[in-house]
Amino acid sequence: MLPSFDYIRPKSVQAAITHLATGSAQAHAGGTDLMGCLRERIFPVGKVVSLSGLPELRGVSETADGGLRIGALTALSALSEHPIVIKRFGGLAQAAGEVGSPQLRNQGTLGGNICQKPRCWYYRTDFTCLRKGGGTCFAVDGENQFHCIFGGGGTCFIVHPSDTAPALVALNATARLAGPRGSRDVPLEKFFVLPEVDVQRETVLARGEIVTEIRIPPPVSGTRSSYRKVRARRSWDFALAGVAMALRFDRKRVIDGRVVLSGAAPIPWRSKEVEQIVRGKELTVDVIAAAAKAVTSGAEPLEKNGYKLALFQGMIEEELTLMAASA
Amino acid sequence: MSANPTNGPGGITRRNFLTTVGAGAIGAAVSENALAAGKEVAPPQVTPAGRSVEVALRVNGRTHVVQAETRWTLLHVLREVIGLTGAKPGCERGECGACTVLIDGIPRYACLTLAVEVQGHDVTTLEGLMDGEKLGTVQAAFVEADAFQCGYCTPGQVMAVEGLLRANPNPSVEEIRRGVSGNLCRCGAYQHIFKAAHRAAELKAGK
Ligand SMILES: Cc1cc2nc3c(=O)[nH]c(=O)nc-3n(C[C@H](O)[C@H](O)[C@H](O)COP(=O)(O)OP(=O)(O)OC[C@H]3O[C@@H](n4cnc5c(N)ncnc54)[C@H](O)[C@@H]3O)c2cc1C
Ligand code: FES
Ligand code: FES
């Protein structure tokens, strides 16, 4: 049985914000992550504020400039099956289609996907770790095979669990937030918070703030995007390693673009090293080999996750080879 | 806590609860009127922790009006309040699929769904696939393909296949695998489950 909570389903975004701004309130979108957090009593939740009475936060539409607007409550299955998303923002369609299982994608939303809580098994169980206000990260010297190789900063070693977040960062998306002090736009790249900045929060969301929509700028012609996820089995699982790419080509040459890793760091992790190697170049075997080697430069594996280095290298090689073949 | 729909928390009956609690009674009365008018019922204000509300659930084409706490899952209400035990509790954390039901024709996990969130939507459970006393098409295909051992995962598998076939009447083997990828089978009956899904598609097409 879940712990008791106050419950409200407001009829306006403003009312939702007001309810979320007080006490230990949590937004409920699809609930696929929140229900687990409640059940395991990971953090106290005094009030659940359901967003399901806000149909205006649902849906995918093209903007006048050819970009995309995605309501935060849009289900992941609706996103991954949307013809425009598949055709013009392929990496995002792929990423949304890689989340969990069909049932989870039918219920889980894009907003919930980028705001979900970490999956570190110490965080998800009875350990009072740094992220829950305790004094220690139990993963550093513990069972850390699924933890990060970048960005731990000597504090907390989670990986960000979202599949869509790296694709959104690669596509240079922006989140529109609404809160007690009005609304603001935050590039997805700046939306996530490293543990060295604040170990107790995953996003820049202030109290009472919600994500209302995601906007993606129109892709410049010649842009191709993709998402690749490696997991331990074929049915649902979180990424051991993943990569989202959005590369802009001029014939066979890469002009510029972004390469963003999942399963690597506490936030979606831009591999500027790979980006720099491919920029301005044709994706020859040599360039691809150099990029694959570069993806792990600066990595700081823990005792049990060193296998991720080879995994990321192999994945970059395969993904860039596919990109080259379709260029 | 009582699963009896007429009892509120602490064994108070709904009627004497309404007459004894001032402000709460107004909220409850409003929701009752909305119900009578056939409108979707959303708690019009905060439902305090532990308080039951009237929840109208449309399950297998029939509306059930139950008293439920807002923290009760759809799985709990289906099984313990309404008495439909087709959906099974397995992991109760979105990992196994035993609790799969259709909501507006789409497969979802009843264990991760709050009952209050389902008001105004159509729920289909395994029982809803029956054709009177006869097994429904997907169920019959599972029997024909011998697609289970212990059978615990089967109701969820059947619902996942039903949802898949409603969206895609002629799925490829790969689409079938993906369609039931949210349903684990401890007995490892997967090959037969894939066959059953294929057979169900044929049966539905009249083959
Ligand atoms: C078994 C299992 C497997 C999973 N596998 C994956 C996977 O492979 N990849 C993956 O990415 N995820 C996975 N998930 C996590 C989760 O299902 C998805 O991330 C899903 O998209 C969450 O969306 P939701 O709408 O259900 O979120 P909710 O559970 O409703 O919310 C999640 C969190 O975000 C907050 N929130 C929700 N919406 C907003 C908003 N608009 N503004 C501000 N805050 C908000 C909530 O308060 C809550 O804290 C898995 C979950 C389970 C249970
Ligand atoms: S009981 Fe719901 S998924 Fe396992
Ligand atoms: S038949 Fe036993 S769990 Fe699937």
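What counts and how
- Residues numbered from 1 in each chain as written.
- Chains lettered and ligands numbered in written order.
- Predicted model: local features only at pLDDT ≥ 70, side-chain atom pairs only at ≥ 80, totals over all residues.
- Heavy atoms only, no water.
- Phe/Tyr/Trp six-rings, centres within 6.5 Å; stacked < 30°, edge-to-face > 60°.
- Lys NZ or Arg CZ within 6 Å of the ring centre and 35° of its normal.
- Near = heavy atom within 4 Å.
- Polar contact = N/O pair within 3.5 Å; in protein donor to acceptor, adjacent residues only side chain to side chain.
- Areas by Shrake-Rupley, 256 points an atom, 1.4 Å probe, with all protein chains shown as cover.
- Helix = DSSP H or I, 4+ residues; strand = E, 2+ residues; numbered from the N terminus.
- Nonpolar A, V, L, I, M, F, W, Y, C, P; charged D, E, K, R; others polar.
- Buried < 20%, exposed > 50% of the residue type's maximum accessible area, 1.4 Å probe, protein only.
- Axes fitted to C-alpha atoms, helices over the stretch in contact; angles between N-to-C directions.
- Left-handed = near helix turned anticlockwise from the far one by under 90°.
- Contact = heavy atoms within 4.5 Å.
- Pairing = 2+ DSSP bridges.

## Side note on the packing of aromatic side chains
Residues and elements named next belong to chain A.
And step 1. Considering all chains together, one arrives at seven aromatic pairs over all chains under this definition.
And step 2. Through pairs of rings, three or more aromatic residues link up here, namely Tyr122, Phe127 and Phe138.
And step 3. Above the plane of the ring of phenylalanine 43 lies lysine 117, whose end atom (NZ or CZ) is 5.3 Å from the centre.
And step 4. A cation over an aromatic ring shows up here: lysine 132 above the ring of tyrosine 123, its NZ or CZ 5.6 Å from the ring centre.

## Some thoughts on the site of ligand 1
And step 1. Residues in close proximity to ligand 1 total 37 residues, the closest being Ala27(A), Gly31(A), Thr32(A), Leu34(A) and Thr109(A).
And step 2. At the site occupied by ligand 1, the surrounding residues belong to chains A and B.
And step 3. In the model, an oxygen atom of ligand 1 is placed 2.7 Å from a nitrogen or oxygen of the Gly30(A) main chain.
And step 4. Contact with the protein chains covers 98% of the free accessible surface of ligand 1, which is 980 Å².
And step 5. Counting residues per element, the shell around ligand 1 draws most heavily on helix 7 (residues 110-115) of chain A, which supplies four residues.
And step 6. Residue classes in the shell around ligand 1 are distributed as 15 nonpolar, 14 polar and eight charged.

## Thoughts on helix 5 (residues 90-97) of chain A
And step 1. Within helix 5 of chain A, seven of the eight residues are buried, which leaves it mostly tucked inside the rest of the structure.
And step 2. Those residues of helix 5 of chain A that fall on the buried side of the exposure criterion are Gly90(A), Gly91(A), Leu92(A), Ala93(A), Ala95(A), Ala96(A) and Gly97(A).

## A short note on the packing of helix 10 (residues 285-294) of chain A against helix 11 (residues 307-326) of chain A
Residues and elements named next belong to chain A.
And step 1. In contact at an axis separation of 8 Å, helix 10 and helix 11 are set at 145° when each is read in the N-to-C sense. The way helix 10 lies across helix 11 gives a crossing that is right-handed. Packed against helix 10, whose contacting residues are Ile288, Ala291, Ala292 and Lys293, the element helix 11 presents Gln313, Ile316, Glu317, Leu320, Thr321 and Ala324 at the interface.
And step 2. Of the residues assigned to the contact of helix 10 with helix 11, the class counts are six nonpolar, two polar and two charged.

## A word on the sheet that holds strand 2 (residues 62-69) of chain B
All names here are of chain B.
And step 1. Pairing is mixed in the open sheet, where five strands are placed in the order 2-1-5-3-4. Edge positions in the open sheet fall to strand 2 and strand 4 (106-109), since each of these has one partner strand only. Each neighbouring strand pair of the sheet contributes to a mean axis angle of 45°, computed without reference to strand direction.
And step 2. Inspection of the sheet shows strand 1 (residues 52-59) paired to strand 5 (residues 122-124) by two bridges, in the parallel sense. Within strand 5, the position partnered with valine 59 by the bridge is valine 123.
And step 3. Sheet strands touched by helix 5 (residues 154-167): strand 3 (100-103), strand 4 and strand 5. Its angle to strand 3, the strand with the most contacts, is close to 30°.

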